[in-house]
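# Working through the structure, step by step
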Protein chains: 2
Amino acid sequence: MCESNAYLIKGGEEELVLESVESIEATGGGVTLTSLFGEEKRIRARIKALSLVEHKIVLEPLGAES
Amino acid sequence: MCESNAYLIKGGEEELVLESVESIEATGGGVTLTSLFGEEKRIRARIKALSLVEHKIVLEPLGAES
């Protein structure tokens, strides 16, 4: 399976916010993550990077534009 | 493997921009896609949605905020 873990950058560190993420949708003012198990999480962040080989999604809080 | 195809929304349709995408990085003013085969593409777009089960990444041109 191809699910990935989603991490949010906080104070320079990556904090796990949701495991086994199956899909992500960018909505006004954030992203909605959905896990394989049907768990849904809305976060005020944008997708900064993702690596499908590492199964990793990195989110950056909105307002922290680089 | 978990690589996905990346599509760019153009005129309401999804146009394939890169196959076998392995990683994506959001940079100032766009995203950089890298394929499993080392091909790299920079696009002035943001990630609108992704489905890891469907192996699909959907990009939206910058300036077309919903």
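Above this text is the structure in question.
Just so we're clear, the structure is a prediction, and the values are computed from it rather than from any experiment.

### Remarks on a nonpolar patch on the surface
A surface patch of nonpolar side chains, amounting to about 310 Å² of accessible area, comprises Leu36(A), Phe37(A) and Val53(B). Positionally, Leu36(A) belongs in the loop between β3 (30–35) and β4 (40–43).

### Thoughts on the environment of Ser35(B)
Residues and elements named next belong to chain B. Following the sequence through the fold, Ser35 ends up in strand β3 (residues 30–35). Ser35 gets classed as buried once you look at its relative accessible area, which sits at 4%. Separated by 16 residues in sequence, Ser35 and Glu19 have C-alpha atoms that sit 6.8 Å apart. Ignoring sequence-local partners within four residues, the contact set of Ser35 consists of Leu18, Glu19, Ser20, Val21 and Glu22.

### Digging into the relation of the copies chain A and chain B
In the superposition of chain A on chain B (RMSD 0.0 Å, axial shift 0.0 Å), the rotation amounts to 180 degrees. What the superposition gives is, in effect, a two-fold axis relating one chain to the other. The rotation axis passes nearest to the C-alpha of Cys2(A) in chain A, at a distance of 2.7 Å. Most of the interface of chain A is mirrored in chain B, where 100% of its interface residues again form contacts.

### As for the pairing of strand β2 (residues 13–27) of chain A
As paired elements, strand β1 (residues 4–10) of chain A and β2(A) share six bridges and run antiparallel to each other. Paired with Ala6(A) across the strands is Leu18(A), a residue of β2(A). In sequence, β1(A) turns back onto β2(A) through a hairpin of two residues, with Gly11(A) there showing a positive phi of about 55 degrees. Two elements, β2(A) and β3(A), share six bridges in a ladder whose sense is antiparallel. Note on β3(A): the bridge partner recorded for Glu25(A) is Thr32(A). The loop that links β2(A) with its antiparallel partner β3(A) comprises two residues; one of these, Gly29(A), has a positive phi angle of about 80 degrees. Examined bridge by bridge, β2(A) and strand β5 (residues 45–51) of chain B share three bridges and lie antiparallel to one another. Paired with Ser23(A) across the two strands is Ser51(B), which belongs to β5(B).

Thresholds, definitions, all that
Residues numbered from 1 in each chain as written. Chains lettered and ligands numbered in written order. Predicted model: local features only at pLDDT ≥ 70, side-chain atom pairs only at ≥ 80, totals over all residues. Heavy atoms only, no water. Patch = residues over 30% accessible without salt bridge, like charges linked within 9 Å, V, L, I, M, F, W, Y side chains within 5 Å. Areas by Shrake-Rupley, 256 points an atom, 1.4 Å probe, with all protein chains shown as cover. Salt bridge = Lys/Arg side-chain N within 4 Å of Asp/Glu carboxyl O. Helix = DSSP H or I, 4+ residues; strand = E, 2+ residues; numbered from the N terminus. Buried < 20%, exposed > 50% of the residue type's maximum accessible area, 1.4 Å probe, protein only. Contact = heavy atoms within 4.5 Å. Least-squares fit on C-alpha atoms with pLDDT ≥ 70 in both. Pairing = 2+ DSSP bridges.

Interpretation in functional terms is not warranted from these geometric data alone.
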